[in-house]
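Each chain, letter by letter, is given below.
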Amino acid sequence: MTSIRETLGLRPVINCSGTMTSLGASIVVPEAVAAISAILTQWTEMGDLQRAASKIIARLTGAEAGCITASCSAGITLTIAGLMTGKDLGLIERLPDTTGLRTEVVIQTGHIVNYGAPIDQSIRLAGAKMVAFGQSTEAKPHQLAGAISENTVAALYVVSHHCVEYGQLPLDVFCEIAHARGVPVIVDAASEYDLRKFLAAGADIVLYSGHKFLGGPTSGIIAGKKDFVAAAYLQNYGIGRGFKVGKEGVAGAMAALEAWEVRDHDAVRARERAALDLWLATLADRPGIAAKLSADPTGNPLDRLRIDFEPAKAGITAWDFVAQMARGERPVVVRDHEAENGYVFLDPCNLHPGEDQIVAQRLAVVLDAAQELGADFITPYSDTVRRRAESLTNWPD
Ligand SMILES: *Cc1c(COP(=O)(O)O)cnc(C)c1O
C-alpha cells in the first residue's frame, strides 16, 4: 500500500529528536486517531465538548477546571489575556488594546526560551508586556519581588530543557513570592510528563502540549483555577479566534489524556530501553565515539543516548553527523540542540516498531563512511549556522 508520505512526495523521516512541531508534532496514539475520525463528520456543540474536556483535565491534573487550546503556545497567550480581561466580554473584544489593564508578566531571564518561536512573543501577542528579572544564570528572590508592581498581571514559570539549567528560582519559592503579592503563577510545562505536580506545588494555571508526551493531535491543555480557565476560554470570542482549536483537536486531546491514564508506562519504557541498548551496542568500540545513557534534564522518566564525538578519531564532527543522518531517502533526525558542544542525543520515544533497527544500520553506515573519508565530514560549525539560516528563508524553493 502506498503511504500518505509517498503520495505527497515526502521523505519517510525517522524521528530520534523528540516531539518536534517541524516534524509533524506527534505520531498520534490510536485512541486519539479513533476519536478524531469519529467526531470529524459530526456537528458538535463546542461549549459542551470543552465542558467534557474540562472534566477529564480536572480528573487527571487535580485542577478545578481545564480546556483544550490549539497549542501550548496559544495557551500562554490566552491565559495571559484572560488574566488581563477576566470574563469581561467588552475587554475581551478590545484586546490587544490593553488601556487601563494590568499588563506586566514577570519571568526569570533564564526562562526566556525559544521553543520554535520566542516565548516573549506569546506574551506580547495578548497585548501584555514581558518583564524579565535576574540574569541568564542567576535569579534571586529579591529580584522577583522587585520586578512585581501594581501593573503585574501574572508570573510565568517555564519548565524545559531549553531553560538555563542552574541558578533559577525553584517553583515553590517562585509561587510563594508571587502569591504574597497577589500575582497568579502560570507554569509552562509543555513537555512534562507529570500532570499534577506543578499545581500541587502552588501554580494557579499549568499548560501542556497535547502533541508532545501525550501523543495527541496538535493541541494544548490549560488546567487550573476555574475563573482563570474560564477567562482564558472566553478569549475564543476575541483574540483566540485566530488560533482556535477544532473539535478534532479537542476530542483527540481528550482521548490522548485518557489513553495516557491507562498506558502501560513500564512497557513503553522497556521498549525505549531496548532501542537504546541496540544503539549502544552498535556504537561500542568505535574510534572517537563515546555513547552513554543520559537522563532527561527536567526529570521526565525517560533516557536518551548521548553520543560524544572526537572528530580527529571519529572522522566526523557532531554537527556533520547530524547532517549525514538526515540525508537521503530515509532521513534520521537526531536531537542536535547542543551539537556545537560536540555531542548529540538519540531520543527513543517517537519510533514505530522496527525503526530502531533502521537507525542502528544508519549509524553504522555513516560512521563507517566517516572513518574512510575523514576530512569530508569535518567542517567548521559556523558553516552549519550559515547554511541553516539560509535554508529557513529559502522556503518554498
Ligand atoms: C513545545 C513547547 C512549547 C510550545 O508548545 P506548542 O504546543 O507546540 O505550542 C511551549 N513551551 C515549551 C517549554 C515547550 O517545550
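Quick caveat: nothing in here was measured; it's all calculated off a predicted structure.

Trainee: Can you walk me through the environment of lysine 244 in this structure?
Mentor: Topologically, lysine 244 is positioned in the loop between helix H10 (226–233) and helix H11 (247–262). For lysine 244, a relative accessible area of 51% gives the class exposed. Taking the C-alpha atoms as reference points, lysine 244 and serine 219, 25 residues apart in sequence, are found 9.8 Å from one another.

Trainee: Please clarify how the site of the ligand should be interpreted in this entry.
Mentor: Inspection of the region around the ligand gives 13 residues, with Cys72, Ser73, Asp188, Ser209 and Lys212 positioned closest. One of the backbone nitrogen or oxygen atoms of serine 73 is found 2.9 Å away from an oxygen atom of the ligand. In the environment of the ligand, an oxygen atom lies 3.0 Å from a nitrogen or oxygen atom belonging to the side chain of histidine 211. Its residues placed into classes, the shell around the ligand shows four nonpolar, seven polar and two charged.

Trainee: When you look at the environment of leucine 83 in this model, what are you seeing that I'm missing?
Mentor: As for its position among the elements, leucine 83 is in helix H4 (residues 72–85). When the C-alpha atoms of leucine 83 and alanine 231 are compared, they prove to be 6.9 Å apart, with 148 residues separating the residues in sequence. Every residue in contact with leucine 83, bar those within four places of it in the chain, is listed here: Val153, Ala154, Pro184, Ile186 and Phe228.

Trainee: What should I look at first to understand the sheet that holds strand E6 (residues 185–188) in this one?
Mentor: Backbone hydrogen bonds are what pair the strands of a sheet, in a parallel or an antiparallel way. Pairing is mixed in the open sheet, where seven strands are placed in the order E2-E8-E7-E6-E5-E3-E4. A strand with exactly one partner marks an edge of an open sheet, and here the two such strands are strand E2 (65–69) and strand E4 (129–133). If you compare each strand with its neighbour and ignore which way they point, the axes differ by 25° on average. In the sheet, E2 pairs with strand E8 (residues 220–224) via five bridges, with the strands oriented antiparallel.

About the cut-offs
Residues numbered from 1 in each chain as written. Predicted model: local features only at pLDDT ≥ 70, side-chain atom pairs only at ≥ 80, totals over all residues. Heavy atoms only, no water. Helix = DSSP H or I, 4+ residues; strand = E, 2+ residues; numbered from the N terminus. Buried < 20%, exposed > 50% of the residue type's maximum accessible area, 1.4 Å probe, protein only. Near = heavy atom within 4 Å. Polar contact = N/O pair within 3.5 Å; in protein donor to acceptor, adjacent residues only side chain to side chain. Nonpolar A, V, L, I, M, F, W, Y, C, P; charged D, E, K, R; others polar. Contact = heavy atoms within 4.5 Å. Pairing = 2+ DSSP bridges. Axes fitted to C-alpha atoms, helices over the stretch in contact; angles between N-to-C directions.

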